[in-house]
Amino acid sequence: MYLGTHCDEITHNDKEETIKYSLTMIVDFRLTQLFLLTQWLYEATAILCPDSSQWRLRTRARCNSTLPSYNCLYDESTATFVDFCTQKPDFQRPGYKFIIRGNIDGIECDKNRFQPIKFWTNVSNDCILEKTGCNEPGQVIHDEGSATSDRTCRCDYTRGFAFVTSPKQNCFCNPSIDDCSCFMKPCSRFQVMTPDYNCITATDWTGIFKCPVITKTITTNTPVKKTTRCATPQSGLNKFSIMKMVAKKQPAITVTVFTGISIIFVIVLFKWGKEMMNCCRNNKKPMMTEFDVEKKLDERLNGRRTIT
């Protein structure tokens, strides 16, 4: 009788532990689902400003006759993109674009983009042209250009490359008007290539050439200059409150970081759950069946009869 009661208690405790563990795993699974759903909703709204080709379509969808000019700019204070409608578009001088820093503010183009014409808020959110990479076989950067002009490239004579077609400037090429393709130019034995892309013997090297010597990538970057352009009453930007805020969009880098953290969280949670299951299996006491209980009782009774 005593043994049976003890086994019932063990069985009952094991069931309670199993139920508690199952409930814990279910709650953790639900929390994980909620977390992933939140991430999905976060990423679903993390859309960058439309491409310039889609600007008119977005204007028709977002704006009206009162505020007909669609704008989408980067808000530096919140690290988000914000789109809104205004009465009239605003513009910046060539080489500059607009961002939001409390108000509309002008800033020079990023080092990899340039703006040779006026920047209009109703056309794009970034400087319209991307600089040439000068990264085709044999190419190196000759000059970084500026906020209003593209980079210029040249062939790396130090590795035996020369221009397929001589550019207008001979020493470097302008990607927008020249063919900047390079090829491996063979020189005879004991010859080297000069900065002018000629093969000469090492003893004839004078150090005086028309083209500059490549020591490293030549750049002419100047410090970034920022100017503030105050809005005019005619542009409708004198009061930020009159802007029609339509949506806020997170930058792509935030989405990438958030996704990485979520993946790490799921992996850690999975490993933790697996370790908990192994731990419970190792510590779990074996459950006794009715046959085991009867066997134990028979052994005890037979033992008492033997003593008697």
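Analysis parameters
Position numbers for residues count from 1 along each chain, tracking the sequence in the order it is written. In keeping with the model being predicted, local features are shown solely for residues with a pLDDT of at least 70 and side-chain atom pairs are shown and tallied solely at 80 or more, while totals for entire chains, interfaces and linings include all residues. The side-chain figures draw on all heavy atoms in the structure; neither hydrogens nor water molecules are used. For helices the rule is a DSSP run of H or I covering at least 4 residues; for strands it is a run of E covering at least 2, with both sets numbered from the N terminus onward. Between buried and exposed lies partly exposed: a residue is buried under 20% and exposed over 50% of the maximum accessible area for its type, with that area taken using a 1.4 Å probe on protein chains only. Put simply, a disulfide is two cysteine sulfurs that come within 2.5 Å. Salt bridges are counted wherever a side-chain nitrogen of Lys or Arg sits within 4 Å of a carboxyl oxygen of Asp or Glu. Note on terminology: a nonpolar core comprises buried Ala, Val, Leu, Ile, Met, Phe, Trp, Tyr and Cys residues joined through side-chain atoms within 4.5 Å. By the convention used here, residues are in contact when the closest approach between their heavy atoms is within 4.5 Å. The directions considered for the arc run from the helix axis to the C-beta atoms. Values of pLDDT, ranging from 0 to 100, describe the predictor's confidence in every residue of the model.

1. Re the environment of F114
Considering the arrangement of structural elements, one finds F114 in strand β6 (residues 113-114). The class of F114 is buried, set by a relative accessible area of 9%. Sequence separation between F114 and R151 is 37 residues; the distance between their C-alpha atoms is 9.6 Å.

2. Thoughts on the state of the cysteines
By the definition in use, this model includes eight disulfides. Here C171 connects covalently by a disulfide to C211, the sulfurs 2.0 Å from one another. Taking the torsion about the sulfur-sulfur bond, which here is approximately -85 degrees, the covalent link between C171 and C211 counts as left-handed. Linking C171 in the loop between β11 (161-163) and β12 (182-184) with C211 in the loop between β14 (199-201) and β15 (226-227), this pair joins segments that are 40 residues apart in sequence. As far as the burial class goes, C171 and C211 line up, both buried.

3. Focus: the pattern of salt bridges
Going through the model one piece at a time under the given rule, you end up with nine salt bridges. The salt bridge partner of D126 is R113, with a shortest N-O separation of 3.6 Å. Of this pair, D126 sits in the loop between β7 (119-120) and β8 (129-130) while R113 is found in strand β6, placing the two residues 13 residues apart along the sequence. The salt bridge partner of R159 is D156, with a shortest N-O separation of 3.0 Å. Look at R159 and you get partly exposed, because its relative accessible area is 46%. When salt bridges with common partners are traced through the structure, they connect K97, D110, R113 and D126 into a single cluster.

4. Observations regarding unusual backbone geometry
At A79, a residue that is not glycine, the phi angle is positive and equals roughly 55 degrees. The partly exposed category is assigned to A79, whose relative accessible area is 30%. The backbone of Y197 shows a phi angle near 65 degrees, a positive value even though the residue is not glycine. Along the chain, Y197 falls in the loop between β13 (191-193) and β14.

5. Looking at the nonpolar core
By size, the foremost hydrophobic cluster in this structure holds 15 residues, and its most contacted members are C155, Y157, F163, C173, M193 and Y197. When residues in this core are grouped by element, the largest group, three residues, is from β11. Sequence-distant contacts of C155, that is, excluding residues within four places in its chain, are made with G138, F161, A162, F163, S181, C182, Y197 and I214. In terms of nonpolar packing, the next biggest core, distinct from the first, is built from eight residues, C49, C63, C72 and F81 among them.

6. Let's talk about helix α2 (residues 55-62)
Within α2 the residues assigned to the buried category are W55, R58 and T59. Projection of α2 onto a plane perpendicular to its axis shows the buried side chains occupying an angular sector of 105 degrees, all on one side. Facing away from the buried side of α2 by over 90 degrees, the exposed positions are R56, R60 and A61.

7. Structural notes on the confidence of the model for the protein
Per-residue confidence for the protein gives a mean pLDDT of 74, with 56% of residues at or over 70. The low-confidence segment residues 1-10 (pLDDT under 50) makes seven contacts with residues lying over four places distant or belonging to another chain.

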